[in-house]
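Here is how the chains run, residue by residue.
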Protein chains: 2
Amino acid sequence: MDKGETRERGEMASQSPEPTRIMMAVNESSIKGYPHASISSRTAFEWTVAKLVRSNAAGFRLLFLHVQVPDEDAFEDMDSIYASPEDFHNMNEKDRIRGLHLLEYFVKRCHQYEIPCEAWIKKGDPKELICSEVKRVQPDLLVVGSRGLGPFKRVFVGTVSEFCAKHAECPVITIKRKPADAPPDPVDD
Amino acid sequence: MDKGETRERGEMASQSPEPTRIMMAVNESSIKGYPHASISSRTAFEWTVAKLVRSNAAGFRLLFLHVQVPDEDAFEDMDSIYASPEDFHNMNEKDRIRGLHLLEYFVKRCHQYEIPCEAWIKKGDPKELICSEVKRVQPDLLVVGSRGLGPFKRVFVGTVSEFCAKHAECPVITIKRKPADAPPDPVDD
């Protein structure tokens, strides 16, 4: 090894004292009345831990972003009656609790693996907000789960992952749900 | 931490005794007479080492695939005269040496970082061959560099990275060349 190579290696080692910051966009199961992390979110998380973080927990920091879709939640409350400002407050409170419940799952898992992490909730359009949060937070990498729908289903369902892979201002990995884990209707997750 | 959690963690640790196998598709600079690794290949490699492998060299194995395009190489020999079978043999030999020279660059870099690796050459259409090699070799992850062309340039140049992100049977990361590293014409690399 000549002097040039030694210098290059030294530079490399000093280039990454900061942990690699991986943003993960996580969501709930889309099956109504099933308030848990979606199969694709869990698959993406476990893949990231097993294949990238591995035994080097201190070298990484996971940033969990959960975007709540206001309309979708309201749809679930179709049979509710809103008679006072408190009813809306209660609805928002319910959303908040569901969101926190979801993030708690991932933060607990990180704690088990001793991986540093942080987690937060935003409300709005997932694909737009994921990209704007990438711009704001500037992670090294964005990981998104995908239900792995065929081209026909995709037209109607739309894929957040495809939008992010194209528009997010950082490298993006899309992790597809394993076929064996898919529920009978692939739109469900 | 209850018993269930402890068990889950134990399972996780035992899930990845094998290193994470990252396939990297690498190519030469497209500037004629400049037989070196392209800017985007080098950017993708350095990003992978700095952000994913980090200090955990033993946890990863890099698999370098270089696909040579026969037509493109022939184009460079426009002024040559082919008068005997030996001329073609010599041309193939020249291709082989260029390909080996490229792979040598990455294998040497891995050696400096003490990252286990292997490297090989295929001839044909890069996007098709990268996807078929992913199918054959089954890496955990495919990393491809990208010149980060705008939509106008992309129509004429085509992007191997977009095809692979869509069709490769494993997670794919596309690493865009830094704007500061781009040559005057973004098609060059």
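Residues numbered from 1 in each chain as written. Chains lettered and ligands numbered in written order. Predicted model: local features only at pLDDT ≥ 70, side-chain atom pairs only at ≥ 80, totals over all residues. Heavy atoms only, no water.

Here the focus is the packing of helix H2 (residues 39-53) of chain B against helix H4 (residues 85-113) of chain B. Residues and elements named next belong to chain B. Relative orientation of the contacting elements H2 and H4 amounts to 20°, with a least axis distance of 12 Å. Our classification of the angle between H2 and H4 gives roughly parallel. The chirality of how H2 crosses H4 is right-handed. Each of Ser41, Arg42, Phe45, Glu46 and Val49 in H2 lies in contact with H4, whose residues at this interface are Tyr105, Phe106, Arg109, Cys110 and Tyr113. Each residue belonging to the contact of H2 with H4 can be placed in one class, and the counts come to six nonpolar, one polar and three charged. (Axes fitted to C-alpha atoms, helices over the stretch in contact; angles between N-to-C directions. Helix = DSSP H or I, 4+ residues; strand = E, 2+ residues; numbered from the N terminus. Parallel < 35°, antiparallel > 145°, perpendicular 65-115°, else oblique. Left-handed = near helix turned anticlockwise from the far one by under 90°. Contact = heavy atoms within 4.5 Å. Nonpolar A, V, L, I, M, F, W, Y, C, P; charged D, E, K, R; others polar.)

Quoted interface sizes are often the accessible area lost when the parts come together. Listed by partner, the interface residues are 33 residues for chain A and 34 residues for chain B. Summing both sides of the interface, chain A and chain B together bury roughly 3,000 Å²; the carbon and sulfur share of this comes to 49%. Here chain A is connected to chain B by two salt bridges. Our count for the chain A to chain B interface comes out at ten residue pairs in polar contact (both at pLDDT 80 or more). Mapped by element, the contributors of at least two residues to the side of chain A that touches chain B are helix H1 (3-15), helix H2 (39-53), helix H4 (85-113) and strand S5 (172-176) of chain A. (Buried area = accessible area lost by both parts, 1.4 Å probe. Salt bridge = Lys/Arg side-chain N within 4 Å of Asp/Glu carboxyl O. Polar contact = N/O pair within 3.5 Å; in protein donor to acceptor, adjacent residues only side chain to side chain.)

This part is about the relation of the copies chain A and chain B. Mapping chain A onto chain B calls for a rotation angle of 180° and an axial translation of 0.0 Å; the resulting RMSD is 0.0 Å. Such values leave the two copies arranged in the relation of a two-fold axis. Across chain A, the smallest distance between a C-alpha and the rotation axis is recorded for A:Ile173, namely 2.6 Å. Looking at the interface residues of chain A, 100% of them are also at the interface in chain B, so both copies use one shared face. (Least-squares fit on C-alpha atoms with pLDDT ≥ 70 in both.)

A separate point is the confidence of the model for chain A. All names here are of chain A. For chain A, mean pLDDT is 82; residues scoring 70 or higher make up 77% of the total. In this model, residues 1-15 is a region of pLDDT below 50 whose contacts with residues beyond four sequence positions or in other chains number 13 contacts. Overall fold confidence (pTM) sits at 0.83, and the ipTM for the predicted complex is 0.80. (pLDDT = per-residue confidence, 0-100.)

What follows concerns helix H5 (residues 126-137) of chain B. Residue and element names in this part refer to chain B. For H5, which comprises twelve residues, the first-to-last C-alpha distance of 16 Å matches the rise-based estimate of 16 Å (1.5 Å per residue) to within 8%. Considered for burial, the residues of H5 that qualify are Pro126, Leu129, Ile130, Cys131, Glu133, Val134 and Val137. The inward-facing, buried residues of H5 contact strand S1 (20-25), strand S2 (60-68), strand S3 (117-123), strand S4 (141-146) and helix H7 (160-167). Remark: Gln138 follows H5 within two positions and exhibits a positive phi of approximately 50°. (Expected span 1.5 Å × (residues − 1). Buried < 20%, exposed > 50% of the residue type's maximum accessible area, 1.4 Å probe, protein only.)

Residues and elements named next belong to chain B. What the rule picks out here adds up to ten aromatic pairs over all chains. Between Phe45 and Tyr113 the ring centres are 6.2 Å apart and the planes differ by 40°, which places this aromatic pair in the tilted class. Taken as a pair, Phe45 in helix H2 and Tyr113 in helix H4 lie far apart in primary sequence, 68 residues in all. Each of the two residues, Phe45 as well as Tyr113, counts as buried. (Phe/Tyr/Trp six-rings, centres within 6.5 Å; stacked < 30°, edge-to-face > 60°.)

A separate point is the pairing of strand S4 (residues 141-146) of chain A. Residues and elements named next belong to chain A. Buried residues dominate S4, accounting for five of its six residues. Alignment of strand S1 (residues 20-25) against S4, held across four bridges, turns out to be parallel. Bridging from a neighbouring strand, Met24 pairs with Val143 of S4. Here five bridges tie S4 to S5, and the two strands are oriented parallel to one another. Opposite Ser146, over in S5, you have Lys176 as the bridge partner. (Pairing = 2+ DSSP bridges.)

Further remarks concern unusual backbone geometry. Its identity is not glycine, yet A:Glu114 carries a phi of approximately 60°, on the positive side. Relative to the helices and strands, A:Glu114 resides in the loop between H4 and strand S3 (117-123). Judged by relative accessible area, A:Glu114 falls into the exposed class, the value being 54%. For B:Arg54, which is not glycine, the phi torsion reads 50° and is therefore positive.

Let us now look at the pairing of S2(B). Residue and element names in this part refer to chain B. With eight of nine residues buried, S2 is to be regarded as a mostly interior element. Both S1 and S2 contribute to a ladder of six bridges, which runs parallel. By the bridge assignment for S2, Met23 is matched with Leu63. Sheet topology note: the S2/S3 ladder contains seven bridges and is parallel.

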